[in-house]
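# Topology and contacts: notes
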Amino acid sequence: MAEIASIDYRDEVEIFEGCVAIEKAGRRPTLLLAPDWAGLHDGMKQIAGRVASLGFTCFGVDFYGKGIKGNPAGDNSALMGALMGDRAMLRRRLLAAYEAALKHPGVDPNNVAIMGYCLGGLCALDLARAAPAGLKAAMSFHGVLKAPNIGPQAPITAKILVMHGWEDPLAPPPDVLAFADEMTAAKADWQLHAYGNTKHAFTMPTANKPEMGLAYNPASDRRSWLAMRNFLDEVFV
């Protein structure tokens, strides 16, 4: 059973409250977990525990700030909009989480990757776009794909895996093609798994608003987790 503990860290401006899930002692290959638009709620912490059960350390990212919580059952558009409207600020916060993770005694600093869901999927990709030294991989589950457009893109050294529902209204086909062009121009080692008949939030059992393009898909959920496992076998060698 994984032990999940809160951890405070900061950037130049604010304090953040992340979490760390560990099941095996010692420095372990590590996954940063960037949550959905509601932040590090109980459902995301369950995923952190599931990651830790695979033998990894999982470092949960807080991108809103300590004491600022989203509502897992509500509309978090205002919170998300503030980040989407200032991708440079979001990048700064993601880099602060990455640096905090590297300093944790349960983290192997030579084997660190990031995964994320929905808004967190975009965060995973944005950390890869920042090209911090040592980041091995970034994985996006039904994430937003739009580029940050905050200056020239450095070569992306982290390997990229995107798991995408083809009927996701937050990442329509033109965005997918633009993302492919972006990754290719950045010389990234990238791959994209597109799941047919699959909408946004396909890994979330509580997602049940197909009229809004949100729906759980157990087959795509299972396939995407297996794709992540196979990818990590290549990344953490």
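As shown above, the structure is provided for reference.
Read on for a plain summary of the structure. Fair warning: this is a prediction, and the values are worked out from it, not measured in the lab.

If you tally the helices and strands in the protein chain, you get six helices and ten strands. The C-alpha radius of gyration of the protein chain comes to 16 Å, within 12% of the 18 Å expected for a compact globule of 237 residues. Principal-axis analysis of the C-alpha atoms gives the protein chain an extent of 45 × 35 × 35 Å. The buried share of the protein chain, taken over its 237 residues, is 52%. A separation of at least 24 residues holds for 69% of the contacts in the protein chain among residues at least 6 apart in sequence. Charge centroids of the protein chain, computed over 23 positive and 25 negative side chains, lie 3 Å from each other.

Moving on to the nonpolar core. In terms of nonpolar packing, the biggest core is built from 42 residues, with Leu32, Phe59, Ile114, Leu119 and Ile160 touching the most fellow members. Residues contacting isoleucine 114, with those up to four places away along its chain left out, are Leu32, Ala34, Cys123, Ala124, Leu127, Leu135, Ala137, Ala138 and Met139. By size, the runner-up hydrophobic cluster in this structure holds 33 residues, among which are Ile47, Phe56, Met115 and Phe231.

Look at cysteine 118: it is not a glycine, yet its phi comes out positive at around 60°. Along the chain, cysteine 118 falls in the loop between strand E5 (107-117) and helix H4 (119-130). A positive phi is found at asparagine 149, a non-glycine position, where the angle reads about 55°. Among the structural elements, asparagine 149 can be located in the loop between strand E6 (135-141) and strand E7 (159-165).

Rules behind the numbers
Residues numbered from 1 in each chain as written. Predicted model: local features only at pLDDT ≥ 70, side-chain atom pairs only at ≥ 80, totals over all residues. Heavy atoms only, no water. Helix = DSSP H or I, 4+ residues; strand = E, 2+ residues; numbered from the N terminus. Rg over C-alpha atoms; globule rule 2.2 N^0.38 Å. Buried < 20%, exposed > 50% of the residue type's maximum accessible area, 1.4 Å probe, protein only. Contact = heavy atoms within 4.5 Å. Lys, Arg positive; Asp, Glu negative; His and termini not counted. Charge placed at Lys NZ, Arg CZ, Asp CG, Glu CD. Core = buried A, V, L, I, M, F, W, Y, C linked by side-chain atoms within 4.5 Å.

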